[in-house]
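What follows is each chain in one-letter form.
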Amino acid sequence: MKGWNWEGFFEYLTNYYLLEGALITLGLTVFAMTAGLFIGFFVAMMRMSRYKILSAPANFYIWIFRGTPLLVQLIIIYTGLPQIGIKFTVIQSTLLGLALCEAAYLAEIIRAGISAVPTGQVNAARAIGMRESQVMRYVVAPQALRIIIPPLGNSVNSVLKTTSIASIISMEELLRRTQVLIQEKFLVLELFTVAALYYLAMTTAWELIQRRIEKRFGKAYGPMSVDAH
Amino acid sequence: MQEQTKMIELQSVNKWYGPSFQVLKNCSLTVGKGEVVVICGPSGSGKSTLIKCVNALEPIGNGRITVTGVEVSDPKTDMPKLRSKVGMVFQHFELFPHMTILENLCVGQEKVLGRSPKEALVKANALLERVGLTDHAKKYPSQLSGGQQQRVAIARALAMDPVAMLFDEPTSALDPEMINEVLDVMVALAHEGMTMMVVTHEMGFARKVADRIVFMDGGEIVEIGGGDSFFDNPQTERAKSFLSKILAH
């Protein structure tokens, strides 16, 4: 038995290579959320369309990407697709997989948020002459945004941790770099503990940010507000 | 009625919910410029549906609706543009909860009519003064009482300089003590010559300002009468029975 190596633990805790890995994890999260929100918004709009030609592909997309593990999706994109001549680098595969998978989840969150805005609000906006895009932009979206902020915050937390799956296709994020460093001195427990602490620090920081955002958006309804209606 | 004085015209309007339930049956009605028409009738008679069809918030089955001569049901009609000329007040106010009172009054002016923020603000403040809510300009709708919110909603509609106003049970969701403050604004509006279609159960208001009363039952316009004559001398049994129920005490 080797026991716990404090010296090694602290050395890795401040290791530049790992810190950079954490930053890459952060970058992947920001990208997955941004791209996911963008794609997810359009998928949600398609899904809510009364035209089947739009809603059916959206339903199919959501069904596939929510119904299969990200791990499998990444392996198909990175190692499977080259077989039919479609080649992506590790980074491209990771970004693509994360964005597409996250978009499927976010589309459902966005759809729920938009549906939760009362029809009366839409009618009121139309009644003053707003065009459909203006109804969405000035009346529905701001109210839907407030509704989806809590689940959106949970998604960020979840994506932060989910990015570690990309290590399987050798994407050099936090977990992959941890595994690489283990080859140095085989300080398995110390290194994985350091990685866990990094993840914990990032999710905790996000939780604090999320609380502030929720407070800010709640304020727009006034101090006496119980709920929108 | 002269052609140029017609503001709103409904010709044989039919509407169905689903394949079998007919909510509007052959409804025809002309509202002249400056006229106040009150629509009453038992609940489920199609009053609210009828008024929502006028600015196409509800589609009609067949028939024809024109507003200022423009056909509402024509797919080529620029509906948003037409709606911006017809103010609408809803039972549940429908102020935008994420905007202050002033923002509620300005958003349509700026985004739909293209007025400058300064121009919109002048108009908004004038209207707030008119409905007696100047002190509440910076508040959010949730901080106002129902009566106050409905007055803001009327001001929001008026901010668009509408040629006609539609009221869909504007006082039904209000506590009794707040009904009059809203009706007062509506009476003043009627006296200024605004063309109004009002769905309401407030028979006192109807008697005071309505040029004509439209009585609906089961999706049909059963009777159209002048203000006093409808109340004093209803022509149909259905109107008589309706009036005896609501005026009994």
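Remember, predicted model here, so these are calculated numbers, not experimental data.

Criteria and cut-off values
- Residues numbered from 1 in each chain as written.
- Chains lettered and ligands numbered in written order.
- Predicted model: local features only at pLDDT ≥ 70, side-chain atom pairs only at ≥ 80, totals over all residues.
- Heavy atoms only, no water.
- Pairing = 2+ DSSP bridges.
- Helix = DSSP H or I, 4+ residues; strand = E, 2+ residues; numbered from the N terminus.
- Phe/Tyr/Trp six-rings, centres within 6.5 Å; stacked < 30°, edge-to-face > 60°.
- Lys NZ or Arg CZ within 6 Å of the ring centre and 35° of its normal.
- Contact = heavy atoms within 4.5 Å.
- Buried area = accessible area lost by both parts, 1.4 Å probe.
- Salt bridge = Lys/Arg side-chain N within 4 Å of Asp/Glu carboxyl O.
- Polar contact = N/O pair within 3.5 Å; in protein donor to acceptor, adjacent residues only side chain to side chain.
- Nonpolar A, V, L, I, M, F, W, Y, C, P; charged D, E, K, R; others polar.
- Buried < 20%, exposed > 50% of the residue type's maximum accessible area, 1.4 Å probe, protein only.
- Core = buried A, V, L, I, M, F, W, Y, C linked by side-chain atoms within 4.5 Å.

**Regarding the pairing of strand 1 (residues 6-17) of chain B**
Residues and elements named next belong to chain B. The pairing of strand 1 with strand 2 (residues 21-32) spans 8 bridges and is classified as antiparallel. For Trp 16, the partnering residue across the bridge sits in strand 2 and is Gln 22. Counting the residues between successive antiparallel strands, the hairpin from strand 1 to strand 2 contains 3 residues, one of them, Gly 18, with a positive phi of roughly 70°. Pairing geometry for strand 1 and strand 4 (residues 62-67), over 5 bridges, is antiparallel. Note that in strand 4 the partner of Asn 14 across the bridge is Asn 62.

**Description of the packing of aromatic side chains**
In this structure the tally under the stated criterion is 12 aromatic pairs over all chains. With a centroid separation of 5.7 Å and 80° between ring planes, the pair formed by A:Phe41 and A:Phe42 is classed as edge-to-face. One aromatic cluster is present, built from ring pairs that chain together A:Trp4, A:Trp6, A:Phe9 and A:Phe10. Note that B:Arg156 overlies the ring of B:Phe96, its terminal NZ or CZ placed 4.5 Å from the centroid.

**Some remarks on the interface of chain B and chain A**
Listed per partner, the contact involves 25 residues of chain B and 24 residues of chain A. For the chain B and chain A pair, buried surface summed over both sides reaches about 2100 Å², with 63% attributable to carbon and sulfur atoms. At the junction of chain B with chain A, the criterion picks out 1 salt bridge. If you look at where chain B meets chain A, you find 5 residue pairs in polar contact (both at pLDDT 80 or more). Where the side of chain B that touches chain A is concerned, the elements lending two or more residues are helix 2 (79-84), strand 6 (86-89) and helix 3 (101-111) of chain B. The element that contributes the greatest number of residues to the side of chain B that touches chain A is helix 2 of chain B, accounting for 4 residues. Grouping the constituent residues of the side of chain B that touches chain A by class yields 13 nonpolar, 6 polar and 6 charged.

**Focus: helix 3 of chain B**
In an α-helix there are 3.6 residues to a turn, and that puts residues three or four apart on one side. Taking burial as the measure, the 11 residues of helix 3 of chain B include 8 buried ones, the bulk of the element. Among all positions in helix 3 of chain B, only B:Ile101, B:Leu102, B:Asn104, B:Leu105, B:Cys106, B:Val107, B:Gly108 and B:Gln109 are buried. Those residues of helix 3 of chain B that are buried are in contact with helix 7 (132-162) of chain A together with helix 4 (117-130) and helix 5 (146-158) of chain B.

**Observations regarding the nonpolar core**
Residue and element names in this part refer to chain B. Membership of the largest hydrophobic core comes to 78 residues, with the highest contact counts inside it found for Ile 8 and Met 197. Beyond its immediate sequence surroundings of up to four residues, Met 197 is in contact with Ile 8, Leu 29, Val 31, Val 37, Ile 39, Ile 51, Val 54, Met 165, Leu 166 and Phe 167. Grouped together as the second largest cluster of nonpolar side chains are 52 residues, Val 36, Ala 137, Met 178 and Met 194 included.

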